[in-house]
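Structural characterization, general
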Amino acid sequence: MTGWSSVLSEEKGRLRDSCRPRSCVNEMDCKELVEAITAYLDGTLPDADRRRFDTHLENCTYCTEYLEQMRKTIARLGTLDETTLSHDAREQLLVAFRDWRTG
Ligand SMILES: [Zn+2]
């Protein structure tokens, strides 16, 4: 009886030693990664989470693919927004200028 419990507690202690909190408790799953992805891309994700994020990516092709798609989408939207904005702004300025001159 006492033998088993001491072996078990010994085993538990050994597991806890080999399983460090940083790599075990903080392991990120896919759901958490998806929730953190915008912060990651914004660069606002804390360093600790960013490391977990990168670690997860190394082991998960799904999330690697997802991140790649997000990057492409944001890059495309970003370019579109910029172009549209600057184009609109210029148009508005031109219109305003024309109105001011003729009116
Ligand atoms: Zn994943």
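Position numbers for residues count from 1 along each chain, tracking the sequence in the order it is written. Only residues with pLDDT of at least 70 are given local features in this predicted model, and only at 80 or more are side-chain atom pairs given and counted; all residues enter the totals for whole chains, interfaces and linings.

Quick word on the overall build of the chain
Helix and strand definitions follow DSSP, with helices as H or I runs of at least four residues and strands as E runs of at least two, each counted in order from the N terminus. Scanning the chain from terminus to terminus reveals 5 helices and 0 strands. Each helix and strand of the chain, placed in order from N terminus to C terminus, yields the pattern α-α-α-α-α. Here the chain holds 103 residues, and the buried ones make up 3% of them. Any residue with 12 or fewer other C-beta atoms within 10 Å of its own C-beta is exposed, any with 20 or more is buried, and the rest are partly exposed; the C-beta atoms used are placed from the backbone.

What about the packing of helix H3 (residues 30–42) against helix H4 (residues 47–59)?
Every angle, taken between N-to-C directions, lies between 0 and 180 degrees, and every axis is a line fitted to C-alpha atoms, over only the stretch in contact when it is a helix. Contact pair H3 / H4: the axes reach a minimum separation of 11 Å and the direction vectors enclose 120 degrees. Put simply, H3 runs oblique to H4. Viewed along their axes, H3 and H4 form a crossing whose handedness is left-handed. Here H3 contributes Leu33, Ala36 and Tyr40 to the contact with H4, which in turn contributes Asp49, Arg50, Phe53 and His56. In the contact of H3 with H4, the residues fall into 4 nonpolar, 1 polar and 2 charged. The scheme is simple: roughly parallel for angles under 35 degrees, roughly antiparallel for over 145, roughly perpendicular for 65 to 115, oblique for anything else. Rotating anticlockwise by less than a right angle from the far helix to the near helix defines a left-handed crossing, while the corresponding clockwise rotation defines a right-handed one. Once C-beta atoms have been placed from the backbone, residue pairs whose C-beta atoms lie within 7 Å are recorded as contacts. Residue type decides the class: Asp, Glu, Lys and Arg count as charged, Ala, Val, Leu, Ile, Met, Phe, Trp, Tyr, Cys and Pro as nonpolar, and the leftover types, Gly among them, as polar.

Things to note about the confidence of the model for the chain
Summing up the model confidence of the chain, the mean pLDDT is 74 and the portion of residues at 70 or higher is 50%. By mean pLDDT, the top-scoring element of the chain is H4 (95), and the lowest-scoring one is helix H2 (residues 21–24) (48). Known as pLDDT, the predictor's confidence for each residue is given on a scale from 0 to 100.

So, H3
In this scheme, a helix's expected span is set at 1.5 Å multiplied by one less than its residue total. End to end, H3 covers 19 Å across 13 residues, agreeing with the expected 18 Å (1.5 Å per residue, within 8%). The principal kink in H3, of about 45 degrees, is found at Ala36. Just past H3, the residue Gly43 takes up positive phi, approximately 85 degrees. Two axes define the bend at a residue: one fitted to the seven residues ending there, one fitted to the seven starting there, and the bend is the angle between them.

Concerning the environment of Cys60
Position of Cys60 relative to the elements: it lies in the loop between H4 and helix H5 (61–102). Using a count of 16 C-beta atoms within 10 Å as the deciding quantity, one classes Cys60 as partly exposed. Between the C-alpha atoms of Cys60 and Asp29, which are 31 residues apart in sequence, the distance is 9.5 Å.

With respect to the environment of Asp49
Inspection of the secondary structure puts Asp49 in helix H4. Overall, the presence of 17 C-beta atoms within 10 Å leaves Asp49 in the partly exposed class. Taking the C-alpha atoms as reference points, Asp49 and Met28, separated by 21 residues in sequence, lie 8.4 Å from one another.

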